[in-house]
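What follows is the residue order along each chain.
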Amino acid sequence: MATAMEDVERAEGTALTRAAQHGDPAAPGLLLERHRPGMRAVALSVLGPGPGPGPDVDDVMQVAALVALRRIGDVRDPAVVGAWPRMVVRDGSYEDAGRRAAGGGKSAGGA
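Focus on the overall build of the protein
In step 1: Along the protein, the regular secondary structure elements total 4 helices and 0 strands.
In step 2: Helices (α) and strands (β) of the protein occur, in sequence order from the N terminus, as α-α-α-α.
In step 3: Here the protein, with 111 residues, has 33% of them falling under the buried criterion.
In step 4: Taking the contacts inside the protein whose residues are at least 6 apart along the sequence as the reference set, 60% of them involve residues at least 24 apart.
In step 5: Carbon together with sulfur atoms contributes 58% to the accessible area of the protein, which is approximately 6,700 Å² in total.

Some remarks on the layout of surface pockets
In step 1: In this model, the largest pocket occupies a volume close to 240 Å³.
In step 2: For the largest pocket, the full set of lining residues is Glu-6, Glu-9, Arg-10, Gly-13, Thr-14, Arg-34, His-35, Pro-78, Ala-79, Val-80, Val-81 and Gly-82.
In step 3: When residues of the lining of the largest pocket are traced back to their parent elements, those giving at least two are helix H1 (4-21) and helix H2 (27-47).
In step 4: The element contributing the most residues to the lining of the largest pocket is H1, with 5 residues.

Here we look at H2
In step 1: Between its first and last C-alpha atoms H2 spans 29 Å; for 21 residues at 1.5 Å apiece the expected length is 30 Å, and the two agree.
In step 2: Inspection of H2 places Ala-27, Pro-28, Leu-31, Leu-32, His-35, Met-39, Val-42, Ala-43 and Leu-47 among the buried residues, and these make up the whole buried set.
In step 3: Remark: Gly-48 follows H2 within two positions and exhibits a positive phi of approximately 80°.

So, empty space enclosed by the protein
In step 1: In the structure shown here, the tally under the stated rule is 1 cavity of 30 Å³ or more.
In step 2: The volume enclosed by the largest cavity comes to roughly 90 Å³.
In step 3: In terms of lining, the largest cavity is formed by Pro-28, Leu-31, Leu-32, His-35, Met-39, Ala-68, Leu-69, Ile-72, Val-81, Trp-84 and Pro-85.
In step 4: Among the elements of the structure, H2, helix H3 (55-71) and helix H4 (83-101) are those that each provide at least two residues to the lining of the largest cavity.
In step 5: Counting residues per element, the lining of the largest cavity draws most heavily on H2, which supplies 5 residues.

Rules and cut-offs
- Residues numbered from 1 in each chain as written.
- Predicted model: local features only at pLDDT ≥ 70, side-chain atom pairs only at ≥ 80, totals over all residues.
- Heavy atoms only, no water.
- Helix = DSSP H or I, 4+ residues; strand = E, 2+ residues; numbered from the N terminus.
- Buried < 20%, exposed > 50% of the residue type's maximum accessible area, 1.4 Å probe, protein only.
- Contact = heavy atoms within 4.5 Å.
- Areas by Shrake-Rupley, 256 points an atom, 1.4 Å probe, with all protein chains shown as cover.
- 1 Å grid on protein atoms, 1.4 Å probe; cavity = no way out; pocket = protein on both sides within 12 Å on 5 of 7 lines; lining within 4 Å.
- Points joined across faces, edges and corners; volume = space filled by probe spheres on them.
- Expected span 1.5 Å × (residues − 1).

In short, geometric facts, not functional conclusions.
The following block contains the structure:
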């Protein structure tokens with residue numbers, strides 16, 4: 001059973017997602033900032049901390065943010081939007097890890 005705080009957070013996430021889908025220019029940034037810690041945790045769990053501050057993780061996070069911004073209209077259930085950016089990061093992290101393992105570079109954007 002959800003706590004009152006979880007209900008409030010879900011309602012806020014739903015409102016931000018709908019605002020972003022309807023063109024509110026501030027909503028996408030607020031939404032991404034809200035989910036950044038979970039997104040970063042997913043990237044770190046797949047890619048590891050790396051030798052330094054984590055350019056691979058930062059690259060994956062940046063690409064995931066761009067994908068999320070472009071595809072915010074594809075979110076069908078705004079109440080569960082938190083899982084969506086983490087999924088985008090997970091997929092990008094695995095692509096990045098696979099590219100590095102194949103010797104094709106290390107950047108999430110392919111650069």
